Amino acid sequence: MTILDETCTLSHGVEIPKLGLGTWFIDDDQVAEAVRAAVEIGYRNIDTAQAYGNERGVGEGMRTSGVPRDELFVSTKLAAEIKDHDQAVAAIDGSLERLGLDRIDLMLIHSPQPWDDFRGGDYAQGNRAAWRALEEAHQAGRIRAIGVSNFQQQDLENIQQGATVVPHVNQLLVHAGNTPSDLLDYCESKQILVEAYSPIAHGAILQHAEVRAMAEKYGVSVPQLCIRYTLQLGAVSLPKTANPAHMRSNAEVDFRISGADMDVLRDLRDVDYGEHSVFPVYSGK
């Protein structure tokens, strides 16, 4: 039994594998091969988004992986710019069509604000409208679980006004150096599972001296330590890679970080995302 065999159970009983493959920045014409490689290694959880422009390739990779559809878990995300019920309905149809699947396992609102106004204006009403479209698709059995991404507590509270479903998932930037403990506690109190994207800090943490020393102590790589950290926080971990060797090593995390070392990692604050700071989620907003 490895981490690839372990699952978390969402509040309504659907199971989601604890370790997934992130596909941001993997081109549509290369992602099918990456998905097939991951599935062959044992991954069953694949994460994409409308904004990644690779849903078609992800769907192809799943269909040609040789593993039955019901053994695979695929997530996608409604483009952050969609803050309208009818546009959301059309976008859900678009994702199903591009993926070439008759259902999506998990679909999220990608951000509470459009990317060009990240953490900016008030989109409360638009988020509730988009959420209603996700609830309808969930009710109809086209999406097995629904959730959000990059949502702060006030965004989550807004979504729940008049909602029939509390978000099953909140996918967040979580890694050693960026642990939003209050938000994680709030999500836990509402039975909202947290998925950690960029668990290796988009590579920014690889040179961190203290983290490297700790990884050495456990006899593991920095990425393995960082993935294990997010898993021990109770999150699903979504490291992104197209490299099968990295996929394998990312799944070799059957060690345990001590409570004291978890505290050290939780308290880290100084990660520099370098060139990736241009992306809204890494901009410090």
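Right above here is the structure, for reference.
Thresholds, definitions, all that
Residues numbered from 1 in each chain as written. Predicted model: local features only at pLDDT ≥ 70, side-chain atom pairs only at ≥ 80, totals over all residues. Heavy atoms only, no water. Helix = DSSP H or I, 4+ residues; strand = E, 2+ residues; numbered from the N terminus. Rg over C-alpha atoms; globule rule 2.2 N^0.38 Å. Buried < 20%, exposed > 50% of the residue type's maximum accessible area, 1.4 Å probe, protein only. Contact = heavy atoms within 4.5 Å. Areas by Shrake-Rupley, 256 points an atom, 1.4 Å probe, with all protein chains shown as cover. Lys, Arg positive; Asp, Glu negative; His and termini not counted. Charge placed at Lys NZ, Arg CZ, Asp CG, Glu CD. Core = buried A, V, L, I, M, F, W, Y, C linked by side-chain atoms within 4.5 Å. Salt bridge = Lys/Arg side-chain N within 4 Å of Asp/Glu carboxyl O. Phe/Tyr/Trp six-rings, centres within 6.5 Å; stacked < 30°, edge-to-face > 60°. Pairing = 2+ DSSP bridges. Right-handed = clockwise from strand over helix to strand, strands pointing away. Expected span 1.5 Å × (residues − 1).

The number of helices and strands found in the protein chain is ten helices and ten strands. Here the C-alpha radius of gyration of the protein chain, 18 Å, is about what a compact globule of 285 residues would show, namely 19 Å. Counting only residues that meet the buried cut, the protein chain has 55% of its 285 residues in that class. Relative to all contacts within the protein chain whose residues are 6 or more apart in sequence, the contacts with residues 24 or more apart total 73%. Per element, the accessible surface of the protein chain, about 12200 Å² overall, is 45% carbon and sulfur. If the 25 positive side-chain charges of the protein chain are averaged to one point and the 41 negative ones to another, these points end up 2 Å apart.

Ranked by internal contacts, the top residues of the largest apolar core, which has 74 residues, are L78, I92, I109, L225 and L265. Contact partners of I109, with chain neighbours within four places excluded, come to L78, K83, N127, A130, W131, L134, G147, V148, S149, F151 and I159. Judged by nonpolar contacts, the second largest core, of twelve residues, contains C8, L10, F73 and L193.

Before going further, it helps to spend a moment on the pattern of salt bridges. This structure, assessed with the given rule, holds eleven salt bridges. Among the ionic contacts, a cluster of salt bridges with common partners joins D28, R36, R56 and E60.

Another point: the packing of aromatic side chains. Each aromatic ring pair is described using two quantities: the centre-to-centre distance and the angle formed by the ring planes. Per the stated rule, a full pass over the model turns up three aromatic pairs. A ring pair is formed by W24 and F25, whose centres lie 4.5 Å apart and whose planes are at 25°; its orientation type is stacked. Of the residues examined, F25 reaches a relative accessible area of 46% and is grouped as partly exposed. Here Y218 and F255 contribute two aromatic rings whose centre-to-centre distance is 5.9 Å and whose plane-to-plane angle is 40°, an arrangement assigned as tilted. Taken together, the residues span a long stretch of sequence, with Y218 in helix α7 (residues 209-218) and F255 in the loop between α9 (244-250) and α10 (259-267) at a distance of 37 residues. What makes F255 buried here is its relative accessible area of 15%.

Read across the open sheet, the eight strands follow the order β3-β4-β5-β6-β7-β8-β9-β10; overall the sheet is parallel. The open sheet has two edge strands with one neighbour each: β3 (21-22) and β10 (236-238). The sheet contact formed by β3 and strand β4 (residues 45-47) spans two bridges and is parallel. From the neighbouring strand, G22 faces β4, where its bridge partner is D47.

Let's shift gears to the pairing of strand β9 (residues 193-197). A large share of β9 lies buried, amounting to five of its five residues. Because side chains alternate across β9, one face comprises the buried residues L193, E195 and Y197, and the other comprises V194 and A196, equally buried. One ladder, built from five bridges, connects strand β8 (residues 169-173) with β9; its direction is parallel. Residue pairing across strands places Q171 opposite E195, the latter belonging to β9. At this point the chain moves from β8, through helix α6 (residues 181-189), to the parallel β9, and the crossover so formed is right-handed. Where β9 and β10 come together, three bridges link them in parallel fashion. Residue pairing in the sheet places A196 in a bridge with S237 of β10.

The end-to-end C-alpha separation of helix α4 (residues 124-139) is 22 Å, in line with the 22 Å expected for 16 residues at 1.5 Å each. Within α4 the residues assigned to the buried category are G126, N127, A129, A130, W131, A133, L134, E135, A137 and H138. Where α4 is buried, its residues contact β5 (73-78), α3 (85-99), β6 (104-109), β7 (143-149) and α5 (153-160). Looking one or two residues beyond α4, the residue adopting positive phi is G141, at roughly 85°.

Moving on: unusual backbone geometry. One non-glycine residue with positive phi stands out, namely Q191, at about 60°. Inspection of the secondary structure assignment puts Q191 in the loop between α6 and β9. A relative accessible area of 56% places Q191 in the exposed class. Despite not being glycine, S198 shows a phi value in the positive range, around 50°. With respect to the element layout, S198 can be found in the loop between β9 and α7. For S198, a relative accessible area of 11% gives the class buried.

So, on to the environment of K18. By secondary structure assignment, the location of K18 is in the loop between β2 (15-17) and β3. Through-space distance from the C-alpha of K18 to that of L4 is 7.0 Å; in sequence the pair is 14 residues apart.

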